[in-house]
Amino acid sequence: GSPPGCSTFSYVTWFATGACGYQFVDVLQLTFLLGATTAWIVAAVDLVGGTFLSLGSVTYDAALVFLAVLPMLAIPDISSIAKFSAGGLLVICASFATIFVQGLRTYGLAGLEAVGWGDAFPDSLADISVYYGVAVFAFGFLPVSYNLRESMKVPTRFDEAAWLGLGITAIIYVGVGELLWIVYAPAKGGIQGNIFNMLPRGGTMATVLRLGMALVLLFSIPLMIVPTEEIVENKFNLRHESFASKVALRFGLLLVSVACSLLIPNFALVLQLTGCTCIGILSFVLPPLYHMMLVRQLHCSEKDSPNDVDKDAAAGRDRRTARQRTDAVMFVLGIASTIVSTAQTLGKMRAELAL
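All values derive from a computational prediction rather than experimental measurement.

Peer 1: An account of the overall build of the protein is needed here, citing residue identities and associated values.
Peer 2: Helix and strand counts for the protein come out as 13 helices and zero strands. Counting from the amino terminus, the protein carries its helices and strands in the arrangement α-α-α-α-α-α-α-α-α-α-α-α-α. Here the protein holds 355 residues, and 36% of them are scored as buried. Pairs at least 24 apart in sequence give 79% of the contacts found in the protein among residues at least 6 apart. By element, 68% of the accessible surface of the protein is carried by carbon and sulfur atoms, the whole surface being about 19,800 Å².

Encoded structure:
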């Protein structure tokens, strides 16, 4: 049977692919959580660097973030931190409003004349890969979709809720992104990397917003570290260790993430790499693969069934065959997009490290 305490997605993985596939998905999820943690640390360090709390270098600011997160990792019930992280939506909205107003004050409406249709499309495969990686990271909720569905009072309405939630989120992303892109089009280089870099430096309001966003990120980091620690515990059978051992493991994972943030101090690049490699595989490669394998298992079991000659059974097999063709196309596209985007991202990362 499947390992005790595994999630529904992990159970499906176990049933479709066995122990090897289960271990592979755990590694992907572990990498994703560490990648997300690294991205939040990079963003927090950038935000702190623009305030009076900065210690003068990225390394020292990263150490400051490390020390700020440490006490939260020693809290037994981490769910209490989630309330502070959720409250950060107000800070995010205020930050975007400030960035927008600052852009209008600086450039006015000159951006409407500075952009054209030629600027609205990627110029290269590398640009497409950047978009793919960040978009997949932002919308790749498939690994937790089972958990969300099971937490609903009416699980049968999950598809409707998912379409509505993702649709509204996509409209907000596109609307805010396009609006800020047009406003800052006259700026030298436009918007580079993290949009929060466009927050003004100096001034009470800008400092409060930077520290507010940094605080939101600090509260979000433990929410990534704790699930990572649980995966490591399950991998190495450490679930019965003392709480002090758990905290030590969390400290070690945080230290690894801080080291990665210093190695790749680029928020967008970390998101892109995590999205292309982990979420791309989890969202676009594994689901059609699982479906093909499970349908094949069902087909093999039906061969031995006395109802094999039943017309309804035959019609069902025809529908499954058509779906498997769709699965095969999605699987190939998922593999191709993952390989191309990851290769492009790794090339960009090498160029960043060479500077």
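Peer 1: An account of the packing of helix H1 (residues 8-17) against helix H2 (residues 19-49) is needed here, citing residue identities and associated values.
Peer 2: Put simply, H1 and H2 touch, their axes get as near as 7 Å, and they point 145 degrees apart. In the crossing of H1 with H2, the sense of the turn from one axis to the other is right-handed. Across the interface between the two elements, Phe9, Ser10, Thr13, Trp14 and Thr17 of H1 pack against Ala19, Gly21, Tyr22, Val25, Asp26 and Gln29 of H2. In the contact of H1 with H2, the residues fall into five nonpolar, five polar and one charged.

Peer 1: Run through the side chain of Thr345, naming residues and quoting values.
Peer 2: Tracing the chain through its elements places Thr345 in helix H13 (residues 311-354). The buried category is assigned to Thr345, whose relative accessible area is 0%. If we skip the residues at most four places from it in the chain, Thr345 touches Leu269, Gln272, Leu273 and Cys276.

Peer 1: Describe helix H3 (residues 58-73), with residues and values.
Peer 2: For H3, spanning 16 residues, the distance from its first C-alpha to its last is 23 Å, which sits close to the expected 22 Å at 1.5 Å a residue. Taken as a whole, H3 has its buried residues at Asp61, Ala62, Val65, Phe66, Val69, Leu70, Met72 and Leu73.

Peer 1: Just give me the short version of the packing of aromatic side chains, but keep the residues and values in it.
Peer 2: Aromatic ring pairs are defined here through the distance separating the ring centres and the angle between the ring planes. Tallied over the full model, the rule gives seven aromatic pairs. Aromatic pair Trp14 and Tyr22: ring centres 5.4 Å apart, planes at 80 degrees, arrangement edge-to-face. Owing to a relative accessible area of 25%, Trp14 belongs among the partly exposed residues under this scheme. By relative accessible area, Tyr22 is classed as buried at 10%.

Peer 1: An account of the pattern of salt bridges is needed here, citing residue identities and associated values.
Peer 2: Across all of its chains, the model carries four salt bridges by this definition. The salt bridge involving Arg250 is made with Glu229; its shortest N-O contact spans 2.8 Å. With Arg250 in helix H11 (residues 243-263) and Glu229 in helix H10 (residues 204-235), this residue pair connects regions lying 21 residues apart in the sequence. For the pair shown, Arg250 and Glu229 are each scored as buried. Note that Glu233 and Lys246 form a salt bridge whose closest N and O atoms lie 2.8 Å from each other. One end of the pair, Glu233, is in helix H10; the other, Lys246, is in helix H11, with 13 residues separating them in the sequence. We classify Glu233 as buried; its relative accessible area is 5%. In the salt-bridge network here, residues are joined through shared partners; they are Glu229, Glu233, Lys246 and Arg250.

Peer 1: Break down the packing of H2 against H10 for me, with residues and values.
Peer 2: Where H2 contacts H10, the axes come no closer than 9 Å and their chain directions differ by 160 degrees. Accordingly, the angle class assigned to the pair H2 and H10 is roughly antiparallel. Regarding H2 and H10, the two cross each other, and that crossing is left-handed. Of the residues belonging to the contact of H2 with H10, the class tally is 20 nonpolar, five polar and four charged.

Peer 1: Tell me about helix H9 (residues 158-183), residues and numbers included.
Peer 2: The first and last C-alpha atoms of H9 sit 37 Å apart over 26 residues, in line with the 38 Å expected at 1.5 Å per residue. Those residues of H9 not exposed but buried are Phe158, Ala162, Leu180 and Val183.

Peer 1: Outline the layout of surface pockets, supporting the account with residue identities and numerical values.
Peer 2: There is about 430 Å³ of room inside the second largest pocket. Contributing to the lining of the second largest pocket are 15 residues, with Leu142, Ser145, Tyr146, Ser283 and Pro287 lying nearest its centre. Contributing elements (two or more residues each) for the lining of the second largest pocket: H1, helix H7 (125-139), helix H8 (145-151) and helix H12 (267-303). When residues of the lining of the second largest pocket are assigned to their parent elements, the largest contribution, four residues, is made by H12.

Peer 1: With reference to specific residues and values, describe the environment of Ile339.
Peer 2: Here Ile339 lies in helix H13. For Ile339, a relative accessible area of 57% corresponds to the exposed category. Considered as a pair, Ile339 and Cys276 are 63 residues apart in the sequence and their alpha carbons are 8.2 Å apart.

Scoring rules and cut-offs
- Residues numbered from 1 in each chain as written.
- Predicted model: local features only at pLDDT ≥ 70, side-chain atom pairs only at ≥ 80, totals over all residues.
- Heavy atoms only, no water.
- Helix = DSSP H or I, 4+ residues; strand = E, 2+ residues; numbered from the N terminus.
- Buried < 20%, exposed > 50% of the residue type's maximum accessible area, 1.4 Å probe, protein only.
- Contact = heavy atoms within 4.5 Å.
- Areas by Shrake-Rupley, 256 points an atom, 1.4 Å probe, with all protein chains shown as cover.
- Axes fitted to C-alpha atoms, helices over the stretch in contact; angles between N-to-C directions.
- Left-handed = near helix turned anticlockwise from the far one by under 90°.
- Nonpolar A, V, L, I, M, F, W, Y, C, P; charged D, E, K, R; others polar.
- Expected span 1.5 Å × (residues − 1).
- Phe/Tyr/Trp six-rings, centres within 6.5 Å; stacked < 30°, edge-to-face > 60°.
- Salt bridge = Lys/Arg side-chain N within 4 Å of Asp/Glu carboxyl O.
- Parallel < 35°, antiparallel > 145°, perpendicular 65-115°, else oblique.
- 1 Å grid on protein atoms, 1.4 Å probe; cavity = no way out; pocket = protein on both sides within 12 Å on 5 of 7 lines; lining within 4 Å.
- Points joined across faces, edges and corners; volume = space filled by probe spheres on them.

Distances and angles like these do not, on their own, reveal function.
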